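So the chains spell out like this:
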Amino acid sequence: MMQFYRRLFPYRPFFHWLNHDHTPSKLFTHQEFALTLSGDIYLRYNSFATVEDFAREIKRLNPSRFEVGAIYNARPRDKRTLRAGALQPLMRELVFDIDMTDYDSPNVLQRQGHLQTVLVLHRRPRDCTRLGPSHTVRLSTSVMGVLRS
């Protein structure tokens, strides 16, 4: 993973995708990143001021995976300095992720017509208490690749 993070990971396009602008906004600075390190160490409430800070920390920690979490009303990294319960999510994503490696044989699933996975991104809910997506992307995956519908 280290070579991937050092040479291939598209930090700036990733930043622009999350931030929607060239200068850091709350869409990036208040976004939670959860990192999984070797030995199943899970680090939550990470946030970064700039794309350079994000890249530096990813290269330093070399996570086996990371997850993009909610956007909060304050920087998630400041959680310990805020009063209890003060850190509240403002925007969340709802993702259904079905791992094809969890099944015995993708060929069996393909023959049975079950090889379609749907990923739903829920970026800006009007009300976080109900599931009413305002932006939805459906991706169908198969052994041939990913199709956007």
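Residues numbered from 1 in each chain as written. Predicted model: local features only at pLDDT ≥ 70, side-chain atom pairs only at ≥ 80, totals over all residues. Heavy atoms only, no water.

By the naming in an unreviewed UniProt entry, the protein goes by Prim-pol domain-containing protein and is assigned to Calocera cornea HHB12733. Per UniProt, the comment on the protein under Sequence similarities (unreviewed entry) is "Belongs to the eukaryotic-type primase small subunit family." (UniProt positions renumbered as here; feature names shortened; annotations may be inferred.)

Before going further, it helps to examine the nonpolar core. Of all hydrophobic cores here, the largest spans 17 residues; its most connected members are Y11, F33, F54 and F66. Only α2 (11-19), β1 (31-37) and α4 (51-61) provide two or more residues apiece to this core. Tallying contributions element by element places α4 first for this core, with five residues. (Core = buried A, V, L, I, M, F, W, Y, C linked by side-chain atoms within 4.5 Å. Buried < 20%, exposed > 50% of the residue type's maximum accessible area, 1.4 Å probe, protein only. Helix = DSSP H or I, 4+ residues; strand = E, 2+ residues; numbered from the N terminus.)

A separate point is the sheet that holds strand β3 (residues 65-72). Hydrogen bonds between backbone groups are what pair the strands of a sheet, and the pairing can be parallel or antiparallel. Ordered in space as β2-β1-β3-β4, the four strands form an open sheet in which the pairing is antiparallel. Two strands close off the open sheet at either side, each with one partner strand: β2 (41-46) and β4 (89-91). Within the sheet, the average angular offset between the axes of one strand and its neighbour, ignoring direction, is 40 degrees. Note that β3 and β4 share two bridges and pair antiparallel. Looking at the pairing, Y72 lines up with P89 of β4. Across the face of the sheet, α4 comes into contact with β1, β2 and β3 while running at roughly 15 degrees to β1. (Pairing = 2+ DSSP bridges. Axes fitted to C-alpha atoms, helices over the stretch in contact; angles between N-to-C directions. Contact = heavy atoms within 4.5 Å.)

Should their charged atoms come close, side chains of opposite charge can pair. A full pass over the atoms with the stated rule returns six salt bridges. Notably, a salt bridge pairs E32 with R44, separated by 2.8 Å at the nearest N-O pair. With E32 in strand β1 and R44 in strand β2, the pair connects residues that are twelve residues apart, well separated along the chain. Judged by its relative accessible area of 40%, R44 is partly exposed. R65 serves as the salt-bridge partner of E67, at 2.8 Å between the closest nitrogen and oxygen. Since its relative accessible area comes to 28%, E67 is described here as partly exposed. (Salt bridge = Lys/Arg side-chain N within 4 Å of Asp/Glu carboxyl O.)

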